[in-house]
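Coordinates in review
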Amino acid sequence: MQRLSQISYYLRESPMLAAGFIMVSIIVLFGLLGPLFVDTSLAQPLSTTPRMEPSWEHPFGTDDSGRDLLSVMVVGVPLTLRIGLLAGAVGLGLGIVLGFTSGYLGGRFDVVTRGIVDTLLTVPGLVVLVSIASTIREEISVNIMALVVASLAWMWPTRVIRSQVLSMRERAYVQMAKLNGMSTAEIIWKELFPNLLPYLAAQFANAVNWAILSSIGLEALGLGPQNDPTVGMTIYWAITFSALIRGMWWWWAIPIAFIGLIFVGLLMIAVGLDELANPKQRKAV
Amino acid sequence: MPPLLEARHIRKVFSSGGGLFAEDKETVAVEDFTLTIDADKPSFTTIAGESGSGKTTIARMLLGVIPPSEGEVLYAGRSIGQLEKDEMRSFRQDVQAIFQDPFEVYNPFYKVDHILTTPIEKFGLASSKSDAREQIDAALRTVGLRPEETLGRYPHQLSGGQRQRITIARALLLKPKLIIADEPVSMVDASLRATILSSLHKLYREFDISFVYITHDLTTAYQVSENIVVLYHGTVAEAGGVEQVIKDPHHPYTRELIQSIPVPDPGSAWIEEEIEEKEVDESSAAASMQGWSMCRYAPRCPHAMDKCSTRPPLFRSGAGRAAACFLYDEQEPVEEGNLTQLFSEK
Amino acid sequence: MSESVNNREPLLDISGLEVHFETRRGIARAVNEVDLTLYKGERFGLVGESGSGKTTMILALLRMIKTPGFIAGGKAVFDDGTDLLALDAEQVRQTRLKRVAMVPQGAMNSLNPVIRIGEQMMLTMREHGEEGERDELMARVVGLLEKVGLKPEAASLYPHELSGGMKQRACIAQAICLNPQLILADEPTSALDVVVQRQIMQTLRQLQIGLDATVLLVGHDMGLMAQFAERVGIMYGGKLVEVGTVSDIFRNPQHPYTQLLISSIPSFETRGDFKGIPGVALSLLDPPSGCLFHPRCPKATDACAQREPTLKEVSSGQWASCLLHEEEHDATAS
C-alpha cells in the first residue's frame, strides 16, 4: 500500500511524469486490448482490398498488399514495445552490474570498463547495428532484433550509473555500513541501489526509448524481421512501395504518429523521473 | 592484557595533484602520533585541534578506515591491516564511532530503525525479533529518547539532536569498549548539546566505555573529558589532564586558542584587546606543511627563538603533562611520545 | 520601541514582520509578528537555534525569500520613510549594497569562483550604479581590501587561492564597498578557527565604528554575542521573545527560554554539569497553542497554553514576551 501511495505521490509531484505515463499507457493499452476489438488476421497480406484510404471499415486504411493497417498496428505495436523492453532491460541490467561494480570498486576493473565503454560510445551506433544485423544469416526474429539492439544499449547506462555511484560512495551512510560489517555486495544492493531507484527507472525509460528508435531505424533499412509487422517494418514497406509518392499518406503517417507518441511519452517519463531523483527538487519540510 | 587499541607512531601523508605536467604535492596530515587505550580501565581522551590539525585523520586511522602511511594501529595487539575476518568483526564491535553530521549517516531511503537493526543483524546480537526490539528500546531509553516517538520515522522527520542520540544508541547496542566520537555536537543546536554530552558522559561513567573525543571546541572538551591532546598541524602541541591544560596552558598555541574563545561574559575585553596580529594565514601555513624540520607554530609564536628552527620534542612540562615547546627544554622528553604513559602519571 | 537608545536615532523600524512557508502539510510561520527597532551605529545580535527564524528574517529584509516562502505581512521602514518590504524589484536592487548589505555564512555564496577578487568587487560596484574609470574603482577596491586587513595583492587572486579567513574578509570588503547603513551578518565566522574568528570580528567591529553603520549579527554562539553585540534579541519558533542590552540579557534574563539558554552555555567554570533545555524542538507546522515555549518551560502556568504573550517592556530597554511579566507590567502600568 505504501508503494502505491508513493507512486501516486510521484505522479502528483511531476506533471511531466504523469503526462508521459498517460501517453505510454495509451499505447500499451492499444496493444493489449486491441486484439479484443480488432480482427488481427487482417494484418496478413491479401486479407482485404488494398490501397484503401481510411474509412469507417478500415480506420487506418489498407496497404499495397491488402493488409488492414489498424490490425497491423495492433499486432505490430506490442512487438516493437517488446523489442524495446527486452533490449532496454538487458541494457539496463548490464549497465547496473557494470556501473555499480566499477563505480564502487574502482581500481583496474573500473579503468578497463571505463575504457571499453568510452571507446564504444564514440562509434556510431547505427553503423555497428547495421553491420551486426546484416551479418546474421538466419531469419531475424523479433527476439534476435532485441538482442542486436541490446548489444549497444548497455554503454550509456553503465556510464551514468557509474558516475552516480561515484558520488554516493563517499557518503557517510556508506561509511556507516562498512563499520557495520556489511560486505561490498550488501552495501551496493542494500544501501546504494534503493536510493537510485527513481534514477534507474529514468534510465530504463531512456534505454527503452533508444532501443525502440534503433530497432525502427534498422527495420526501416530492411534489416528487420520480414514476416512480423512491427512498426519499423511497416515503415519499411511503406518506403519500399513508395507510399509517399503515391499519396498513400496513411501508410507512413500513422506508424510515425505512433512512434512520436511512444518517443515523447517515454521521454517525458524519463525527464519527470529525473526531476524527482534530483535531490534539489526534494523539498525538506 | 594487551591494550584495546594502540596507535604506534602513526603518520599520514596525502599526495595530491600530480599527473603528467604537475608535481605530486605531498601534505603531511599527521606527523607522529602515539596513543594507547587500555582494555581494562575506561578512559576519556580528547583530541582537540582546529581544522587541518589532523584530528579527523587520526580518528579515521584509529577506526581502520584509512591506513597509516607509517606506523601501525593495533587492536588487541594485532595490526588492523592484518586482521582475520572474525577478528575484524570483533574489532568492529569493540570499537564504535559517532560522527559529526547527524543527517548524513542515515540512508534517506530507510526509516531510522534501519540504523539500529542493521548492526543487530550483522553482529548477531539478538536471538529473536522481540529480543532485538527490547535491546533497541533499552538503548534508546539510555540516551533519553522515547522509542514510540522515534522509531518508524524517517530521518528528516526528527531533529538533529534526536538523530545524533540515535547514533549513540546504535553504538551502545554493540556494547563497545571504545567509542570514537568525531565532533558529535558541533552540528547540533546549543541547547541540545548538553543532553548529548551528558549521555556520552553517562556511558563513560556507568557503562565503563572509553572515549576518544575529537573536537575543536575546548569548552565541551572541558565538560566531558579527563585528558586532552592538543594538535597543531598534525603534531601534538600539548597533552595532559583537561583541568590543568585548560586552566594553565603551557604551549603558546594552547594559550592562544583559549584566549580566543569568546566567553559569555559581556564585561571581558575580548574584542577590544589588541592582539598581536601574527598573520594567521592558513595558506602560508599550508605551504609550511611541507617543511617538517622546524616547530610548526614558530611563525606565529610570540616566544619564538633560534632553537625553534628544529622540531621540538614533547617535553614533560609538569606532572602528567607535556608540551612540545623549547620553553620547557629543561625537562625530559616523553619517551616515544607515549601519551598514555604520561596520563597515567597524574 | 522607537525612542532613541543610548542617544542613538532609530535606523530601521520593523513592525509586524511575517514570513510564511507554504508546504503540503500547511503553512509554517517562520517569522511570527516580529517588532524590532534597529538604531544607528549599533551592534545588535540576533540569537536563536535552528528553526527560530533568525536567518529567515534577514533574508526577508534583503528581499531574498524564495518560494515556497513569502513575506506575508509587516513593514521595515528606514529613517527616511522607505519601506524595504514595499519596494519593487528595481528599487530592491538599488537598496542592496547601498543601504543594506549582507555578509553571508559561507564565502561560496558571495564570491564568484572564476573571477578575481578585485575584478568582482569592481563589477559589483558598477552593477550598483557606481561610475568611474577603471583605475579609480580599482584604487577604491584596494583601499577596501586594506581596510579589512588584506594585502593589495589579494585583488588579483581568485577566491580559492585565499584561506577561509581571507575569503570572509573579502566578503566583508564587498559588503561595505558602498558604505551601507545596515550590515546583516549571517554567522560569518561559523566555519572559521577560533583564532581567525576573533580577528575577523575585531575587524568587523572597527569597520562598523568607522562607518557608523548598524550591524545585525545573526548566530547561535552566545559567547560571540556577549563579546560583539551591544544589544541582543532572542528568537524562538519565529517569535522575538526577548530584547535587551547585552549585560541585561546575560546578567538578568527575563524570559525562561533565555534563562535556560544562558545556563546551558558550557563554560570553563563547571565540569560535568550538563544543563540543556528539556523537551523537543517545536514544529512550525504543528505549533503549540498559546505561548510557543510553554511545553518546555519550567515556569509554565495553565494560562500559558491558552494565551499568546506579546513583547512588553519589563524594565528600561529590556523587553520580554512572557505571561509572567505581562501581569507585572499591567499591574505597574495601571
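Cut-offs used in this document
Residues numbered from 1 in each chain as written. Chains lettered and ligands numbered in written order. Predicted model: local features only at pLDDT ≥ 70, side-chain atom pairs only at ≥ 80, totals over all residues. Helix = DSSP H or I, 4+ residues; strand = E, 2+ residues; numbered from the N terminus. Rg over C-alpha atoms; globule rule 2.2 N^0.38 Å. Buried ≥ 20, exposed ≤ 12 C-beta atoms within 10 Å, placed from the backbone. Contact = placed C-beta atoms within 7 Å. Pairing = 2+ DSSP bridges. Axes fitted to C-alpha atoms, helices over the stretch in contact; angles between N-to-C directions. Parallel < 35°, antiparallel > 145°, perpendicular 65-115°, else oblique. Left-handed = near helix turned anticlockwise from the far one by under 90°. Domains from an automatic or database assignment. Nonpolar A, V, L, I, M, F, W, Y, C, P; charged D, E, K, R; others polar. Core = buried A, V, L, I, M, F, W, Y, C linked by C-beta atoms within 7 Å. Arc of directions from axis to C-beta. pLDDT = per-residue confidence, 0-100.

This brings us to the overall build of chain C. Broken down by element type, chain C carries 10 helices and 11 strands. Expected size for 334 residues packed as a compact globule is a radius of gyration near 20 Å; at 21 Å, chain C falls within 12% of this value. Within chain C, buried positions represent 48% of all 334 residues. Here the analysis covers contacts within chain C between residues at least 6 apart in sequence; of these, 64% occur between residues at least 24 apart.

A word on the overall build of chain B. Secondary structure summary: chain B contains 12 helices and 12 strands in total. Since a compact globule built from 346 residues should have a radius of gyration of about 20 Å, the 21 Å found for chain B is in line with a globular shape. Taking the principal axes of the C-alpha coordinates as reference, chain B spans close to 70 × 55 × 50 Å. Scored against the burial criterion, the 346 residues of chain B give a buried share of 49%. In chain B, of all internal contacts separated by at least 6 residues, the share reaching a separation of at least 24 is 65%.

Strand-to-strand pairing in sheets goes through backbone hydrogen bonds, with the strands running parallel or antiparallel. All names here are of chain C. With mixed pairing, the 8 strands of this open sheet are ordered in space as β5-β6-β7-β3-β8-β9-β11-β10. Edge positions in the open sheet fall to β5 (100-103) and β10 (312-315), since each of these has one partner strand only. When the angles between neighbouring strand axes are averaged without regard to direction, this sheet yields 25°. Bridge count between β10 and strand β11 (residues 318-320): 3 bridges; the pairing is antiparallel. Directly across from Glu-313, in β11, lies its bridge partner Trp-319.

The next thing to look at is unusual backbone geometry. Looking along the chain, the bond that leaves Thr67(C) and enters Pro68(C) is cis, with omega of 5°. With phi around 55°, Arg51(A) is a residue other than glycine that occupies positive phi space. Residue Ala76(B) is not a glycine yet carries a positive backbone phi of 50°. Tracing the sequence through the fold places Ala76(B) in the loop between β4 (70-75) and β5 (78-79).

We now examine the interface of chain B and chain A. In this complex, chain B contributes 17 residues to the contact, which on the side of chain A involves 13 residues. Among the secondary structure elements, those contributing two or more residues to the side of chain B that touches chain A are α2 (85-94) and α3 (113-122) of chain B. Considering each element in turn, the side of chain B that touches chain A owes the most residues, 3 residues, to α3(B).

In this section: the packing of helix α10 (residues 197-220) of chain A against helix α11 (residues 231-240) of chain A. Residues and elements named next belong to chain A. Interhelical geometry of α10 versus α11 gives an angle of 30° and a closest axis separation of 7 Å. In this view, α10 runs roughly parallel relative to α11, as classed from their interaxial angle. Between α10 and α11 lies a crossing of right-handed hand. Side by side, α10 and α11 meet where Ser-215, Ile-216, Glu-219 and Ala-220 of the first sit next to Val-231, Gly-232, Met-233, Ile-235, Tyr-236 and Ile-239 of the second.

The next thing to look at is the sheet that holds strand β9 (residues 227-232) of chain B. All names here are of chain B. Here 8 strands make up an open sheet; going across it, the order is β6-β7-β8-β3-β9-β10-β12-β11 and the pairing mixed. Of all the strands in the sheet, the pair left with one neighbour each is β6 (95-98) and β11 (315-318). Going across the sheet, the axis of each strand differs from the next one's by a mean of 25°, ignoring polarity. Relative to strand β7 (residues 178-182), β6 is paired through 4 bridges, and the arrangement is parallel. Bridge pairing links Ile-98 to Ala-181 in β7.

Residues and elements named next belong to chain C. Segmentation of chain C into domains returns domain 1 (10-99 + 180-333) and domain 2 (106-179). On a C-alpha basis, the centres of domain 1 and domain 2 stand 30 Å from each other. Contacts between domain 1 and domain 2 engage 14 residues on the former and 14 residues on the latter. Looking at the side of domain 1 that touches domain 2, the elements that each hand over two or more residues are α2 (89-98) and α6 (194-211). When residues of the side of domain 1 that touches domain 2 are assigned to their parent elements, the largest contribution, 6 residues, is made by α6.

Each partner contributes to the interface: chain C provides 40 residues, whereas chain B provides 36 residues. Only α5 (164-176), α6, α7 (222-228), α8 (246-251) and α9 (256-263) of chain C provide two or more residues apiece to the side of chain C that touches chain B. The greatest single-element share of the side of chain C that touches chain B, amounting to 8 residues, is contributed by α6(C). Across the side of chain C that touches chain B, the residue classes tally to 20 nonpolar, 14 polar and 6 charged.

With 200 residues, the main nonpolar core has Leu62(B), Ala169(B), Ile180(B), Ile183(C) and Leu216(C) as its most contacted residues. When residues of this core are sorted by domain, at least three fall in each of domain 1 (10-99 + 180-333) and domain 2 (106-179) of chain C. Here Ile180(B) is in contact with Ala59(B), Leu62(B), Leu63(B), Val95(B), Ala97(B) and Val212(B), once residues within four sequence places are set aside. Within the second largest apolar cluster, 73 residues are counted, among which are Val74(A), Leu129(A), Ala201(A) and Ile235(A).

All of the buried residues in helix α9 (residues 184-192) of chain A are Ile188(A), Glu191(A) and Leu192(A). For α9(A), the buried positions fall inside an angular range of 115° around the axis, keeping them on one side.

What follows deals with the environment of Ile228(B). Residues and elements named next belong to chain B. As for its position among the elements, Ile-228 is in strand β9. Residue classification places Ile-228 among the buried positions, given that 27 C-beta atoms sit within 10 Å. Along the backbone, Ile-228 and Glu-335 are 107 residues apart, and their C-alpha atoms lie at a distance of 18 Å.

Across chain C, the average pLDDT comes to 88, with 96% of residues at 70 or higher. Per-element confidence in chain C ranges from a low mean pLDDT of 68 for helix α10 (residues 323-333) of chain C to a high of 95 for strand β8 (residues 231-236) of chain C.

On to helix α1 (residues 55-62) of chain B. Residues and elements named next belong to chain B. Of all 8 residues in α1, 7 are buried; the element is thus mostly enclosed. Buried within α1 we find Lys-55, Thr-57, Ile-58, Ala-59, Arg-60, Met-61 and Leu-62. Of the residues flanking the end of α1, it is Gly-64, one or two places downstream, whose phi is positive at about 80°.

Residues and elements named next belong to chain C. The element strand β6 (residues 182-186) is extensively covered by neighbouring structure, given that 5 of its 5 residues are classed as buried. On β6, burial covers both faces: Leu-182, Leu-184 and Asp-186 on one face and Ile-183 and Ala-185 on the other are all buried. Here β5 runs beside β6; their pairing, made up of 4 bridges, is parallel. Bridge assignment links Val-100 to a residue of β6, and that residue is Leu-182.

The next thing to look at is the pairing of strand β2 (residues 26-39) of chain C. All names here are of chain C. Pairing geometry for strand β1 (residues 10-23) and β2, over 10 bridges, is antiparallel. Residue pairing across strands places Phe-21 opposite Ala-28, the latter belonging to β2. Hairpin connection between β1 and β2: a loop of 2 residues separates the two successive antiparallel strands.

Time to look at the environment of Leu162(C). Tracing the backbone shows Leu162(C) in the loop between α4 (134-147) and α5. Put simply, Leu162(C) and Ile117(C) are 45 residues apart on the chain and 9.8 Å apart in space, counted from C-alpha to C-alpha.

Before going further, it helps to spend a moment on the packing of α3(B) against helix α6 (residues 160-173) of chain B. All names here are of chain B. Running from N to C, α3 and α6 cross one another at 10°; their axes reach a closest spacing of 9 Å. When the axis of α3 is compared with that of α6, the two are roughly parallel. From α3, Ile-115, Leu-116, Pro-119 and Ile-120 reach across to α6, where they touch Ile-166, Ala-169, Arg-170 and Leu-173.

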